[in-house]
Amino acid sequence: MAAIGAGWERVVLSWADIQPDGPDDFSWLGRTLPPRSLAGELNRGVRMAGLLQFTPPWAGTDLDNPGRSVPRNLDLPDDDPRNYWGRFVFETVRYYAGRIDDWIVWNEPEFQPADAAVGQGTYTWLGTDEQFARLMEVAYRAAKRANPHAIVAFPGTSYWVDQNSGRPQFYERFLRLVAADPAAPANNFYHDAVPLNLYRAPDDLVRLHQAFKELQQRYGVDKPMWLLELNAMPTDDTSIPCATRHAGNPIQTTQEQQAAYAIQALALAAGAGYERIGFYQMVDDDPCTQSAVWGITRDDGSQRPVASSLRTAIQSYSGFLRARFTPLVRPQARWAAWPDDPKSFTPNWQVYEVVFDLPGDRRLTVLWNGDGLPVRARIPRHAAQARLLDMQNQILAAASLGQDWAVDLPAATTHYPGDPPGYFFIGGEPRLLVEEAVPPGTPVTPPRLG
């Protein structure tokens, strides 16, 4: 993490681990995340976000699956000691105040046991929507009592599980419930941020940021969007145990394509306006037991190419003053394309461009190709010289053509058979163009083909 330059980290603080034996025993508070380990991260400048989840057996209402069950006495006032969930949140948030001030309540509660492709352990919540809205309210009130500076985020949801199951989004169902609560507006609708967990297709980041902001507007809410989990999990790593377990995944992705995804996803997330951006996860954690190959590093510590491209993205984008996404749209749509067709999941962008205004009057232009053939993109030249980098931060030759920079962009190769012909859910290998002495706010125009 230090080498990559990560600026924040999500840590799970399991209620079942912190209070394994009963409501009055907080002796494990500070053991699951020891102060020395926490101090090491904080001293490196890493901001921490705590995820609160998993009901202990003694507090569960479902004895067959207590960790995912509704806590007992949840309907009592949040400051009643017999409201076990409220008391746990209060004590945990108070204990870490000043060290952890960002909190996330649960993760992916929208998964249901009967959903397609949901296996044992994937779902985390067995209660109703109404019970989760109450869980969120109690957590919000308790956390704010414990630390008025706390930021309390809604759980990260995955979008696609609800979409594919034909349900309204879990967040929309929550807003519908709290909109009927007269106390909700005075309590910020019981959340300060809205995270998403989105995988594989960088285009989703733009479309869904807009969709969730429009959803908020319908309910009179304005909360920042976060990204807790991003990744395009590789299927071609033959060096790991149980490699054949993952090689047959229908969404085929190479390690090089994963590396390109990291540059593209972080750029689009910044351009779309997400306040927090996270990548999941640092280490595989035994691919023989996992549903995908998650790690930036393998369990033996060796790094995949995505480690280097993440370093390039984080170090290149960090501290940006403004990020603007201005793609080149194909003159003719090859499919029913978003946003012209709001029911579509696929846009019609041919060349992607995200422009960062950086401190010191630096401009960074990130470009990649959405087509299956190489293209040359031209962008206006704002400086006499520029540095052109590949995704591994290696210097390439920057070509000047009149008043433009000309950047050759490799073809996109990552196609899913269910997508329209000619659409690639990850673009080709990106290029990063750095110019000096470009004042912030200098106009941005879409790239041209040249």
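Residues numbered from 1 in each chain as written. Predicted model: local features only at pLDDT ≥ 70, side-chain atom pairs only at ≥ 80, totals over all residues. Heavy atoms only, no water.

Enquirer: Even after reading the chapter, I still don't get the overall build of the chain, so can you show me in this structure?
Expert: A count of helical and extended segments in the chain gives 10 helices and 18 strands. Expected size for 450 residues packed as a compact globule is a radius of gyration near 22 Å; at 23 Å, the chain falls within 12% of this value. Each principal axis of the C-alpha atoms in the chain carries an extent, and together these give about 75 × 45 × 45 Å. When each of the 450 residues of the chain is scored for burial, the buried share is 55%. Long-range pairs, those at least 24 residues apart, make up 71% of the contacts in the chain between residues at least 6 apart in sequence. As displayed, the chain has an accessible area near 18,800 Å², and 52% of this comes from carbon and sulfur atoms. Across the chain, the mean location of the 41 positive side-chain charges is 4 Å away from that of the 52 negative side-chain charges. (Helix = DSSP H or I, 4+ residues; strand = E, 2+ residues; numbered from the N terminus. Rg over C-alpha atoms; globule rule 2.2 N^0.38 Å. Buried < 20%, exposed > 50% of the residue type's maximum accessible area, 1.4 Å probe, protein only. Contact = heavy atoms within 4.5 Å. Areas by Shrake-Rupley, 256 points an atom, 1.4 Å probe, with all protein chains shown as cover. Lys, Arg positive; Asp, Glu negative; His and termini not counted. Charge placed at Lys NZ, Arg CZ, Asp CG, Glu CD.)

Enquirer: Teacher, can you tell me more about helix 7 (residues 203–218) here?
Expert: Given 3.6 residues per helical turn, the α-helix brings residues three or four places apart onto the same face. Over its 16 residues, helix 7 extends 24 Å from the first C-alpha to the last, a length consistent with the 22 Å expected when each residue adds 1.5 Å. The complete set of buried residues in helix 7 reads Asp 203, Asp 204, Leu 205, Val 206, Arg 207, Leu 208, His 209, Phe 212, Lys 213, Leu 215 and Gln 216. (Expected span 1.5 Å × (residues − 1).)

Enquirer: Whenever I open this one, the nonpolar core confuses me. Can you help?
Expert: The nonpolar side chains of a soluble globular protein tend to be buried with one another. Counting residues in hydrophobic clusters, the biggest one holds 104 residues, and the most contacted among them are Trp 85, Tyr 317 and Phe 356. No other element matches helix 9 (residues 255–272), which puts 11 residues into this core. Those residues in contact with Phe 356 that sit more than four places away from it in its chain are Ala 267, Ala 270, Tyr 317, Phe 320, Arg 322, Ala 323, Arg 362, Arg 363, Leu 364 and Val 366. Membership of the second largest hydrophobic core comes to 11 residues, among which are Val 351, Val 375, Ile 379 and Leu 433. (Core = buried A, V, L, I, M, F, W, Y, C linked by side-chain atoms within 4.5 Å.)

Enquirer: I'm lost on the state of the cysteines in this one. Help?
Expert: Each disulfide consists of one covalent bond between the sulfur atoms belonging to two cysteines. The full count for this structure, using the stated rule, is one disulfide. For Cys 242, the disulfide goes to Cys 288, at an S-S distance of 1.9 Å. Judged by the sign of its S-S torsion, about 95 degrees, the cystine formed by Cys 242 and Cys 288 is right-handed. Here the residue Cys 242 occupies a position in the loop between strand 6 (225–231) and helix 8 (243–247), and Cys 288 occupies one in the loop between strand 7 (276–277) and helix 10 (305–317), the gap between them amounting to 46 residues. Exposure remark for Cys 288: the relative accessible area of 27% places this residue in the partly exposed category. (Disulfide = S-S within 2.5 Å.)

Enquirer: Looking at this structure, how should I read the pairing of strand 12 (residues 375–380)?
Expert: Taken residue by residue, a regular strand's side chains alternate between the two faces of the sheet. Of the two faces of strand 12, only the one carrying Val 375, Ala 377 and Ile 379 is buried; Arg 376, Arg 378 and Pro 380 on the other face are not. Bridge count for strand 12 against strand 16 (residues 404–409) is six bridges, and the pairing is antiparallel. Residue pairing in the sheet places Pro 380 in a bridge with Asp 404 of strand 16. Sheet topology note: the strand 12/strand 18 (residues 448–449) ladder contains two bridges and is antiparallel. Residue pairing for strand 18: Ala 377 is matched across the bridge by Leu 449. (Pairing = 2+ DSSP bridges.)

Enquirer: Can you help me understand the sheet that holds strand 12 in this one?
Expert: In any sheet, the strands associate via hydrogen bonds between backbone groups, in a parallel or an antiparallel arrangement. One open sheet accounts for four strands, arranged 15-16-12-18; its pairing is antiparallel. Edge positions in the open sheet fall to strand 15 (399–401) and strand 18, since each of these has one partner strand only. As paired elements, strand 15 and strand 16 share three bridges and run antiparallel to each other. Of the residues in strand 16, the one forming a bridge with Leu 401 is Asp 404.

Enquirer: What's the story with unusual backbone geometry in this structure? I'm lost.
Expert: One can expect most non-glycine residues to show negative phi and most peptide bonds to be in trans. The omega torsion across Tyr 280 and Gln 281 is 10 degrees, close enough to zero to call that bond cis. Residue position: Gln 281 is located in the loop between strand 7 and helix 10. Note that the residue after Trp 338, namely Pro 339, is joined by a cis bond; omega there is 5 degrees. Relative to the helices and strands, Pro 339 resides in the loop between strand 9 (328–329) and strand 10 (349–358). Of note, the phi angle at Asp 285 is positive, near 65 degrees, even though the residue is not glycine. Tracing the backbone shows Asp 285 in the loop between strand 7 and helix 10.

Enquirer: Before we go on, may I ask you to explain the sheet that holds strand 6 in this structure?
Expert: With respect to topology, three strands assemble into an open sheet ordered 5-6-7, the strand pairing being parallel. Only two strands of the sheet have a single partner each, and these edge strands are strand 5 (194–199) and strand 7. Each of strand 5 and strand 6 touches helix 7; the most contacted strand, strand 5, lies at about 150 degrees to it. Helix 9 contacts strand 5, strand 6 and strand 7 of the sheet and is inclined by roughly 175 degrees relative to strand 6. (Axes fitted to C-alpha atoms, helices over the stretch in contact; angles between N-to-C directions.)

Enquirer: Looking at this structure, how should I read the pattern of salt bridges?
Expert: Where charged atoms from two side chains of opposite charge come close, those side chains can pair. All told, the structure shown has 30 salt bridges when counted by the stated rule. Asp 24 is the salt-bridge partner of Arg 87, the closest N and O atoms lying 2.8 Å from each other. With Arg 87 in helix 3 (residues 84–96) and Asp 24 in the loop between helix 1 (15–18) and helix 2 (35–43), this residue pair connects regions lying 63 residues apart in the sequence. Taking the shortest distance from any N to any O, the salt bridge between Asp 222 and Lys 213 comes out at 3.0 Å. Given a relative accessible area of 64%, Asp 222 falls into the exposed group. Among the charged side chains, a salt-bridge network with shared partners connects Asp 115, Asp 129, Asp 162, Arg 167 and Arg 173. (Salt bridge = Lys/Arg side-chain N within 4 Å of Asp/Glu carboxyl O.)

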